Amino acid sequence: MNYAQIVGWGYAVPSRVMTNLELEKMVDTTDEWIRSRTGIVERRIAGPKETTSSLGIRAAQHALQVADLSPSKLDLVIVATTSPDYPMPSSAAIVQDGIGATKAGAFDLNAACSGFVYALSVGSGLIASGQYENILIVGADTLSRWVDWTDRATCVLFGDGAGAFVLQKTDSPTGLRSCVLGSDGSGVNALLVPAGGTKSPISLEQIQNRQNFIKMKGPEVYRFAVNVMVQAARQALSAAEMSVDDIDLFIPHQANIRIIQSAMKALKIPPEKVFTNVQHYGNTSAASIPIALCEAIAEGRVHQGSHLALVGFGAGLSWGAAVLHWGVSTTSVPETWWKSMVRNVQTQEEALRLFALKAHRRLELAGLDAFRRLSNGHDA
Ligand SMILES: CC(C)(COP(=O)(O)OP(=O)(O)OC[C@H]1O[C@@H](n2cnc3c(N)ncnc32)[C@H](O)[C@@H]1OP(=O)(O)O)[C@@H](O)C(=O)NCCC(=O)NCCS
């Protein structure tokens, strides 16, 4: 039987920190209001040249390094995002090119803030089926670009970032133990960006009405979030035939500390078993669970044999919960000089291969163009 083991992890956040005090100068809010209602103290905001894919590429490079895997060994790149670089093509294609995953397929997956749990489920399933051996899953979002910086009810909540994980085929029973994915599309209006899609293409009127930004019914989403986190966590635990006591660490979607505390209280999970970093990053959407998991690993809270529960929720409305058995050591071994040299050579090789591929495409196009001009000359 095949199992999908997590063998690499990494995250990337913009260096620009935006504090609540800074927001006080932009909208009618206070540090005290934001802290007490959400737990958020600061968030990271992408610089003008940073995008969902550029953050995803940085996170993926870290994950490949930890996995000690050449990007050419990847079979598939999945990017969970709700804020892609372009409406088309996918941000996954840009990540695939950026890391030199020359033999991988690539696609985006949009399940909003639940996206990472969805990607984990899809990636693990494709490995368990025997179709693929190495899959990169990335959760990345740059919601600062969708946020209305004049709307105090939403602009204080979100931040940017990316987290990436390498899944690898193994025959030892590890990885995903259970997964619950859910959707309630009747709640589409609770949290959405109304314009910019095919229903309401971007127009001057839409921009003037600020319809190209996130609109949210805060209290409605709050109630949904608490209920669905409790339900989905219970279902995932029951599917894995486990109880709360069997879980070493809960990693909930980092949207609001009050949502997390209410859900964890209802589940009777003690605070020391819950990882939170919402205070530093705000809600980074599909990146929130993978960034939290990476930080939990760095803090020594995940070990070989640990059982983890991940619970996400978001626009859609969507939700996802998973129980994971962690199969590898999390103690980082310093990279030897020769390993680093081999990796550099492999990276150079991939860069060369990509360069050749792009040059070939340019030559083909130039040839086609010359042929067209020639045949047009003949016709004339
Ligand atoms: C957004 C949220 C923090 C608002 O908290 P709340 O206690 O529900 O607050 P309300 O929306 O009821 O608003 C209460 C008051 O605070 C005001 N308010 C809203 N944002 C504010 C801000 N940033 N600063 C100061 N006051 C604010 C409102 O205007 C309202 O004022 P009013 O009573 O005079 O009308 C909360 O609803 C929430 O976290 N919802 C879920 C959001 C979420 O997680 N979304 C992402 C899902 S992936």
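Residues numbered from 1 in each chain as written. Predicted model: local features only at pLDDT ≥ 70, side-chain atom pairs only at ≥ 80, totals over all residues.

**Digging into the overall build of the protein chain**
Then, number 1: Assigned secondary structure in the protein chain consists of 12 helices and 13 strands.
Then, number 2: Its C-alpha radius of gyration of 22 Å places the protein chain within 12% of the 21 Å reference for a compact globule of 380 residues.
Then, number 3: Dimensions of the protein chain along its principal axes, counting C-alpha atoms only, are 75 × 55 × 40 Å.
Then, number 4: Here the protein chain, with 380 residues, has 47% of them falling under the buried criterion.
Then, number 5: Sequence separation of at least 24 residues holds for 79% of the intrachain contacts in the protein chain that already meet a minimum separation of 6. (Helix = DSSP H or I, 4+ residues; strand = E, 2+ residues; numbered from the N terminus. Rg over C-alpha atoms; globule rule 2.2 N^0.38 Å. Buried ≥ 20, exposed ≤ 12 C-beta atoms within 10 Å, placed from the backbone. Contact = placed C-beta atoms within 7 Å.)

**A short note on the nonpolar core**
Then, number 1: Membership of the largest hydrophobic core comes to 115 residues, with the highest contact counts inside it found for A63, V77, I78, V138, A236 and A309.
Then, number 2: Element by element, the count of residues in this core is highest for helix α8 (residues 218-239), at 10 residues.
Then, number 3: Discounting residues that sit within four places of it in the chain, V77 has contacts with A92, V95, Q96, A101, A104, A106 and L136. (Core = buried A, V, L, I, M, F, W, Y, C linked by C-beta atoms within 7 Å.)

**A few points about the domain arrangement of the protein chain**
Much of the literature gives interface size as the accessible area that the parts lose upon coming together.
Then, number 1: Looking at the protein chain, the domain boundaries give domain 1 (3-325) and domain 2 (339-380).
Then, number 2: A C-alpha centroid distance of 36 Å is found between domain 1 and domain 2. (Domains from an automatic or database assignment.)

**Re the site of the ligand**
Then, number 1: Every one of the 20 residues lining the ligand counts as a neighbour, but T29, R152, G218, Y222 and A255 are closest to it.
Then, number 2: Counting residues per element, the ones that place at least two in the shell around the ligand are α2 (31-38), α6 (152-155) and α8.
Then, number 3: Of all the elements, α8 adds the most residues to the shell around the ligand, at five residues.
Then, number 4: Residues of the shell around the ligand, tallied by class, amount to 12 nonpolar, six polar and two charged. (Near = placed C-beta within 6 Å. Nonpolar A, V, L, I, M, F, W, Y, C, P; charged D, E, K, R; others polar.)

**Comments concerning the sheet that holds strand β7 (residues 160-170)**
Then, number 1: Pairing is mixed in the open sheet, where five strands are placed in the order β1-β7-β6-β4-β5. Looking at which strands have only one partner, the edges of the open sheet turn out to be β1 (3-12) and β5 (105-109). On average, each strand axis in the sheet is inclined to that of its neighbour by 20°, with strand direction left out of account.
Then, number 2: Examined bridge by bridge, strand β6 (residues 134-142) and β7 share nine bridges and lie antiparallel to one another. Residue N134 lies in a different strand from β7, and its bridge partner there is Q168.
Then, number 3: Relative to β1, helix α3 (residues 52-67) is tilted by about 125°, and along the sheet it contacts β1, β4 (76-80), β6 and β7. (Pairing = 2+ DSSP bridges. Axes fitted to C-alpha atoms, helices over the stretch in contact; angles between N-to-C directions.)

**Side note on the packing of α8 against helix α9 (residues 257-266)**
Then, number 1: Where α8 meets α9, the axes come as close as 9 Å, and the angle between the chain directions of the two elements is 35°. Where α8 crosses over α9, the two elements pack in a sense that is right-handed. Residues Y222, A225, V226, M229 and V230 of α8 pack against I259, S262, A263 and A266 of α9.
Then, number 2: Class assignment of the residues belonging to the contact of α8 with α9 gives a composition of eight nonpolar, one polar and no charged. (Left-handed = near helix turned anticlockwise from the far one by under 90°.)

**Here we look at the sheet that holds strand β11 (residues 249-252)**
Then, number 1: Strand order across the open sheet formed by four strands is β8-β13-β12-β11, with mixed pairing between neighbours. The sheet is open, and its two edges are formed by β8 (175-183) and β11, each paired on a single side. Ignoring which end each strand starts from, the neighbouring axes of this sheet average 10° apart.
Then, number 2: Relative to strand β13 (residues 318-325), α8 is tilted by about 35°, and along the sheet it contacts β8, β11, β12 (307-314) and β13.

**A few points about the pairing of β7**
Then, number 1: Counting buried positions over the 11 residues of β7 gives 10, a clear majority of the element.
Then, number 2: As paired strands, β1 and β7 are joined by nine bridges and run antiparallel to one another. Residue pairing in the sheet places I6 in a bridge with L167 of β7.

**Quick notes on the environment of H307**
Then, number 1: One can find H307 in strand β12.
Then, number 2: Looking at H307, the number of C-beta atoms within 10 Å reads 17, which means it is partly exposed.

**A closer look at α3**
Given 3.6 residues per helical turn, the α-helix brings residues three or four places apart onto the same face.
Then, number 1: Between its first and last C-alpha atoms α3 spans 22 Å; for 16 residues at 1.5 Å apiece the expected length is 22 Å, and the two agree.
Then, number 2: With 13 of 16 residues buried, α3 lies mostly within the body of the structure.
Then, number 3: Downstream of α3 by one or two residues, D68 has phi in the positive range, about 55°. (Expected span 1.5 Å × (residues − 1).)

**Concerning unusual backbone geometry**
Then, number 1: Note the cis peptide between M88 and P89, where omega equals 5°.
Then, number 2: Within the secondary structure, P89 is located in the loop between β4 and α4 (91-99).
Then, number 3: The omega torsion across G316 and L317 is 0°, close enough to zero to call that bond cis.
Then, number 4: Relative to the assigned elements, L317 resides in the loop between β12 and β13.

**Let's talk about the environment of Y11**
Then, number 1: Assignment of secondary structure puts Y11 in strand β1.
Then, number 2: The class for Y11 is buried, based on 28 C-beta atoms found within 10 Å.
Then, number 3: Separated by 154 residues in the primary sequence, Y11 and F165 place their C-alpha atoms 8.9 Å from one another.
Then, number 4: Ignoring any residue separated from it by four or fewer positions in sequence, one finds Y11 in contact with A59, G161, A162, G163, P290, I291 and C294.

**Some remarks on the environment of G125**
Then, number 1: With respect to the helices, strands and loops of the structure, G125 is situated in helix α5 (residues 115-128).
Then, number 2: The sequence separation of G125 and E32 amounts to 93 residues, and the corresponding C-alpha distance is 44 Å.

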